[in-house]
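Observations on the model geometry
Here are the chains, one letter per residue:
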Amino acid sequence: MNIQIQRSARKSIAIKIDVNGKIKILCPYKCSLKQIENLVEEKKQWIENALAKIYKKFVNNQSLYDYKQILFLGNKYDVVVEKNTISVGDYTIKIRKNSVEKTLKEWLIKQANALILGQLDKLSELTSINYFSSKIISARKKWGSCDSRKNIKLNFRLIMLPLECINYVCIHELCHINQMNHSKQFYSEVAKFMPNYKYVVKEMKQFSYALELF
């Protein structure tokens, strides 16, 4: 196993496995190698199960990681590269500098600016919750955010998810304008506009790997 040890002023020892399968041991400065070895041995089965899930996820979506397919609104489309264009389903994109990945990313960002921000506007009107500004960004850990000044930022990778998931994130961030927390009151507000939000959140977990693309 390839294990990275990260020491800090923390009081306990823990194991963290990131989305790419990298294993990190978080431990106090005085933690001995023997203690780390004992923990790894104790958690060996848990580590192997976690790595197996990550490997399965990668194998099932390898064509997306290799950019032979692209995920758009929850569906996979074959990417066909010709001399000066890339075809994605019924879409044809002009390729730039022979970079498939860069061209596809630029296309997704363009679609995100049009569709996702359009949905945010519609849902803002539907919920009667107004925001100050909106912006499409690139992030690795979050689908969206809202600050105390009512500025909403949405991850362009959302465009790869089904429309219902996009709507949930938009509603989630809009509700933060009135509730800057994740309290019961906050989720009650979310449920007013999307009663099935728990189901949608569960569905979104199937697309967590999209945060790793591009």
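Below is a summary of the structure that appears in this document.

Calculation criteria
Counting of residues starts from 1 at the beginning of each chain's written sequence and follows it residue by residue. Two thresholds apply to this predicted model, a pLDDT of at least 70 for residue-level local features and 80 or more for giving and counting side-chain atom pairs, whereas whole-chain, interface and lining totals are computed over all residues. Only hydrogens and water are set aside when side-chain values are computed; all heavy atoms of the structure are taken into account. Whether two strands pair comes down to DSSP finding at least two bridges between them. Strands are runs of DSSP state E lasting at least 2 residues, helices are runs of H or I lasting at least 4, and numbering of each runs from the N terminus. All axes are obtained by fitting lines to C-alpha atoms, using only the stretch in contact for helices, and the reported angles, taken between N-to-C directions, cover 0 to 180 degrees. Given a helix with a known number of residues, its expected span is that number minus one, times 1.5 Å. Buried, partly exposed and exposed residues are distinguished by accessible area as a fraction of the type maximum, computed with a 1.4 Å probe on protein chains only: under 20%, between the cut-offs, and over 50%, respectively. By definition, residues are in contact when any of their heavy atoms lie within 4.5 Å. Put simply, a nonpolar core is a bunch of buried Ala, Val, Leu, Ile, Met, Phe, Trp, Tyr and Cys residues held in one set by side-chain atoms that sit within 4.5 Å of each other.

Quick look at the sheet that holds strand E3 (residues 23-28) now. Pairing within the open sheet is mixed, and its three strands lie in the order E1-E3-E2. Looking at strand neighbours, the two that pair on one side only are strand E1 (3-8) and strand E2 (14-17), the edges of this open sheet. Each strand of the sheet is rotated relative to its neighbour by a mean of 25°, with strand direction disregarded. As defined by bridge partners, E1 adjoins E3 across six bridges and the pair is classed as parallel. Of the residues in E3, the one forming a bridge with Gln6 is Leu26.

Before going further, it helps to examine helix H5 (residues 163-175). Taking 1.5 Å as the rise per residue, H5 with 13 residues should run 18 Å; its terminal C-alpha atoms sit 18 Å apart, in good agreement. The buried count for H5 comes to 11 of 13 residues, which makes it a mostly enclosed element. Three or more residues of H5 are buried, namely Cys165, Ile166, Asn167, Tyr168, Val169, Cys170, Ile171, His172, Glu173, Leu174 and Cys175. Each element contacted by the buried residues of H5 is listed here: helix H4 (100-127), strand E9 (144-146), strand E10 (151-155), helix H6 (184-193) and helix H7 (197-204).

Our focus in this paragraph is the sheet that holds E10. Strand order across the open sheet formed by three strands is E8-E10-E9, with mixed pairing between neighbours. Two strands in the sheet have a free side with no partner beyond their single neighbour: strand E8 (133-137) and E9. Between one strand axis and the next, the sheet turns through 15° on average, direction left out of account. By the bridge criterion, five bridges tie E8 to E10 in an arrangement that is parallel. Note on E10: the bridge partner recorded for Ile137 is Asn155. Where H5 meets the sheet, its contacts fall on E9 and E10, and the angle it forms with E10 comes to roughly 155°.

The next subject is the nonpolar core. Core analysis: the biggest nonpolar cluster contains 50 residues, and Leu108, Ile116, Leu154, Met160, Leu161 and Phe214 have the highest contact counts within it. When contributions to this core are tallied by element, the ones reaching two or more residues are helix H3 (62-65), strand E4 (69-72), strand E6 (85-88), H4, E10, H5, H6 and H7. Apart from residues no more than four positions distant in its own chain, Leu161 is found in contact with Leu73, Gly74, Trp143, Ile166, Met204, Phe207 and Ala210. Counting 12 residues, the second largest nonpolar core, distinct from the first, contains Cys27, Cys31, Ile36 and Ile47.

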